[in-house]
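A closer look at the structure
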Amino acid sequence: MSSIAFIGLGQMGKPMASNLIKKGHALTVYDVNKITMSEVQSLGSKSSTSPKEAAKGCEFIITMLPNGKLVEEVIFGQDGVIHSIGKGSLIIDMSTIHPLESDNLRNRLEKHNVEFMDAPVGRTSDNAITGTLLILAGGTKTQINRTSPILLCMGSEIVDAGGPGRGIRVKLINNFMSISLNALSAEAAALCEALELPLDIAIEVMKGTPAIKSHFTTTWVNKVLKNDLTPAFMIDLAHKDLSIALDVANQLHVPLSMGAAAREIYSQARAVGKGQLDWTAILEQTRSNSGLKNNNP
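Rules used throughout
- Residues numbered from 1 in each chain as written.
- Predicted model: local features only at pLDDT ≥ 70, side-chain atom pairs only at ≥ 80, totals over all residues.
- Heavy atoms only, no water.
- Salt bridge = Lys/Arg side-chain N within 4 Å of Asp/Glu carboxyl O.
- Helix = DSSP H or I, 4+ residues; strand = E, 2+ residues; numbered from the N terminus.
- Buried < 20%, exposed > 50% of the residue type's maximum accessible area, 1.4 Å probe, protein only.
- Domains from an automatic or database assignment.
- Phe/Tyr/Trp six-rings, centres within 6.5 Å; stacked < 30°, edge-to-face > 60°.
- Core = buried A, V, L, I, M, F, W, Y, C linked by side-chain atoms within 4.5 Å.
- Contact = heavy atoms within 4.5 Å.

- Per an unreviewed UniProt entry, the protein goes by the name 4-hydroxybutyrate dehydrogenase / sulfolactaldehyde 3-reductase and belongs to Pasteurella testudinis DSM 23072.

Dropping the structure here:
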């Protein structure tokens, strides 16, 4: 079994560390919360007085912290991991931090000949307790193969994100989309209520449409991602339907900020002559707005 330093015993980190202990790994833990550290120690870990002390003699150092500045401090601070980490040891950052901060940490550690991989997690604290997290592994093939036995003590599935730095990037995209959809879904639910439409009826309908199934897995794969923008549903019609929803909402005093922002993008697409194209051409419009190369006119 592996010797592991686990730094960060918050809502996610504590059960993750606990599962590693249950699987027989030798853990040394560190957290600013001494009570939490004592609770994990009672399960069979060693406690430490600093990240530096925790990392000494450990093959793997796992960080699970709230932000990038804390990860940087834990690694490079006065009592940081960098001052005691042994040759051949590997730092696994499982925090959700800024991707460019993660890149900077990896680049700095390379200068010290220290290996680093990003492996943020998906799912919830309940999954952390049951050991069924989704691990988004941003490392080399060798690193992922090496760490899989310990990662699978905390999660039930590992996704190879495609190389160093890619784990935190795909975590960011996933969270961006799900968090934004949460707000858009709330607007749709509020409009349902204002229109005296039972939400369960709307959900039943949307289960079979891109509203719930997502454009990534339905419309896009059949149209824009195949470089086909012949209209199955035109941008002009999408703009018209969205405008109707916004007008109804306005009359019922239901603010739809997300919906209004979406209409602006459809309006931009129409203004540059994309109105007769398939509605998935919104991807091309957004690429254009971002200065990215478009695949289609």
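Concerning the pattern of salt bridges
- Counted according to the given criterion, the structure contains 13 salt bridges.
- Of the charged contacts, one joins Asp 160 and Lys 141 as a salt bridge, the two residues approaching to 2.7 Å between their closest N and O atoms. On the criterion of sequence distance, the pair formed by Asp 160 in strand β9 (residues 155–160) and Lys 141 in helix α7 (residues 141–154) is long-range, its members being 19 residues apart.
- Relative accessible area serves as the criterion here: at 32%, Asp 160 is assigned to the partly exposed category.
- Salt-bridge contacts for Arg 270 lead to Asp 236; the nearest nitrogen and oxygen are separated by 2.8 Å. With Arg 270 in helix α13 (residues 257–271) and Asp 236 in helix α12 (residues 235–251), the pair connects residues that are 34 residues apart, well separated along the chain.
- Look at the salt bridges and you will find they share partners, linking Glu 59, Glu 115 and Arg 146 into a network.

What about the domain arrangement of the protein?
- The assigned domain composition of the protein is domain 1 (3–169) and domain 2 (214–290).
- Between the C-alpha centres of domain 1 and domain 2 there is a distance of 41 Å.

Some thoughts on the packing of aromatic side chains
- In total, this model carries two aromatic pairs according to the counting rule given.
- Relative to Trp 220, the ring of Phe 216 has its centre 5.1 Å away and its plane inclined at 65 degrees; by these criteria the two rings are edge-to-face.
- Overall, the relative accessible area of 41% leaves Phe 216 in the partly exposed class.
- Judged by centre distance (4.9 Å) and plane angle (80 degrees), the ring pair of Phe 233 and Trp 279 falls under edge-to-face. Linking Phe 233 in the loop between α11 (219–222) and α12 with Trp 279 in the loop between α13 and α14 (282–289), this pair joins segments that are 46 residues apart in sequence.

A word on the nonpolar core
- Phe 6, Met 16, Leu 20, Ile 62, Ile 91, Ile 92 and Met 94 are the most contacted members of the largest nonpolar core, which has 51 residues in total.
- Of the residues forming this core, the biggest block, five residues, is contributed by α7.
- Non-local contacts of Ile 92, meaning those with residues more than four positions away in its chain, are made with Phe 60, Ile 61, Ile 62, Thr 63, Met 117, Ala 119, Thr 147, Ile 150 and Leu 151.
- Among the nonpolar cores identified, the runner-up in size contains 10 residues, and Trp 220, Tyr 266, Ala 281 and Ile 282 belong to it.

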